[in-house]
Amino acid sequence: MKERTLERVRKLLAKAERTDNDHERTTFMAAASALMAKHGIDSLDPAGPRHQPGDRVVTLPPPWAREKARLVSLVAQALRCRPLLLGRGDGGQRVHVFGFAADLERADVLATSLLLQMASGLARVRPPLEAGGGAARAYRRSWLLGFTDEVYRLLREAEERAVAEAPVTGTALVLADRRAEVDQAVAARYPRIRLSVPRTSGTGYHDGAEAGRRADLGRTGVPGGPAAQLSPIGGGPPR
């Protein structure tokens, strides 16, 4: 991603972090998210050199490894990548993400930040007083699922707006071609894919969704603190 774009995102987020006004904070965060989505469209450049889809494997450590893997997967999916949950391995839950370089980079930046934001938010969660040990854990898990689903919805909306406002005719067709190429890369590597849907029995989903609605969808760096126990995603450059 261009340094100029990153700098603009940082400035928007700095304003969001300094204000105590929820409306202003939401506005700045939405602007940062929209800027990231626009960067994704600008990177298409039909006249530029032809590239092939790349891929990277991300390992999410415990605690809440499955929920972290789901967040990484849905962020990647919202940003036009194709994620596959591989299950346990290398000390955590693994996700194999396929996509073009610019989209992999955007997914990496956003998922790294959102993992930390999700951990910070979960640390502040207080399950209902009547919840026992099992019920409290179920509440926290449903909170994580709600947070992730809401972040996914907001990112999809930003991406769809960026496509609708694209100045180049045929953007949707270019994206469809790229999606087909990514799907081919996935099929070549994994000819048999099984779909799964997460289940939740807790009551924290609504509260998690509300926290996701307030998430910073373009943050590029998070100071150290209680959330530092989460490892940023990565795995090297796309192959």
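Novice: Please explain the side chain of D103 as it appears in this structure.
Specialist: For D103, the location among the structural elements is in helix α4 (residues 101-124). Among the polar contacts listed, one links the side chain of D103 to the side chain of R106, at a separation of 3.1 Å. Contact partners of D103, with chain neighbours within four places excluded, come to L79, R80, C81 and R178.

Novice: Hey, could you run me through unusual backbone geometry in this one?
Specialist: Negative phi is the rule for most residues except glycine; trans is the rule for most peptide bonds. Here the bond from P62 into P63 is cis, since omega is 5°, no more than 30 degrees from zero. Along the polypeptide, P63 turns up in the loop between β1 (54-60) and α3 (65-78). Its identity as a non-glycine residue notwithstanding, R80 has a phi of 70°, on the positive side. With respect to the element layout, R80 can be found in the loop between α3 and β2 (82-89). Here the phi dihedral of D90 falls at roughly 55°; this positive angle occurs in a residue that is not glycine.

Novice: Even after reading the chapter, I still don't get the pairing of β2, so can you show me in this structure?
Specialist: The two faces of a sheet get side chains in turn, since along a regular strand they alternate between them. As judged from the seven bridges shared by β2 and strand β3 (residues 92-99), these two strands associate in the antiparallel manner. The residue bridging P83 from the neighbouring strand is V97, located in β3. The loop that links β2 with its antiparallel partner β3 comprises two residues; one of these, D90, has a positive phi angle of about 55°.

Novice: Looking at this model, I keep getting lost on helix α6 (residues 171-189). Mind explaining?
Specialist: Owing to its 3.6 residues per turn, the α-helix brings residues three or four apart onto one side. Its 19 residues give α6 an end-to-end C-alpha distance of 27 Å, which sits within 8% of 27 Å, the value for a rise of 1.5 Å per residue. Taken as a whole, α6 has its buried residues at T171, L175, R178, E181, V182 and V186. Looking straight down α6, one finds that the buried residues subtend no more than 140° of arc, so they occupy a single side. Facing away from the buried side of α6 by over 90 degrees, the exposed positions are L173, Q184 and A188.

Novice: When you look at the packing of aromatic side chains in this model, what are you seeing that I'm missing?
Specialist: Where two aromatic rings form a pair, the distance of their centres and the angle of their planes describe that pair. Taken as a whole and judged by the stated rule, the model has two aromatic pairs. When the centroid spacing of 6.2 Å and the interplanar angle of 90° are considered together, the rings of F98 and Y190 count as edge-to-face. Within this pair, whereas F98 is found in strand β3, its partner Y190 is found in the loop between α6 and α7 (205-213), the two being separated by 92 residues in sequence. Under the relative-accessibility criterion, F98 is labelled buried at 3%. The ring of W64 is capped by R137, whose NZ or CZ atom sits 4.2 Å from the centre of that ring. Across the ring face of F100, the terminal group of R178 is positioned such that the distance to the ring centre comes to 4.0 Å.

The rules behind the values
- Residues numbered from 1 in each chain as written.
- Predicted model: local features only at pLDDT ≥ 70, side-chain atom pairs only at ≥ 80, totals over all residues.
- Heavy atoms only, no water.
- Helix = DSSP H or I, 4+ residues; strand = E, 2+ residues; numbered from the N terminus.
- Polar contact = N/O pair within 3.5 Å; in protein donor to acceptor, adjacent residues only side chain to side chain.
- Contact = heavy atoms within 4.5 Å.
- Pairing = 2+ DSSP bridges.
- Expected span 1.5 Å × (residues − 1).
- Buried < 20%, exposed > 50% of the residue type's maximum accessible area, 1.4 Å probe, protein only.
- Arc of directions from axis to C-beta.
- Phe/Tyr/Trp six-rings, centres within 6.5 Å; stacked < 30°, edge-to-face > 60°.
- Lys NZ or Arg CZ within 6 Å of the ring centre and 35° of its normal.

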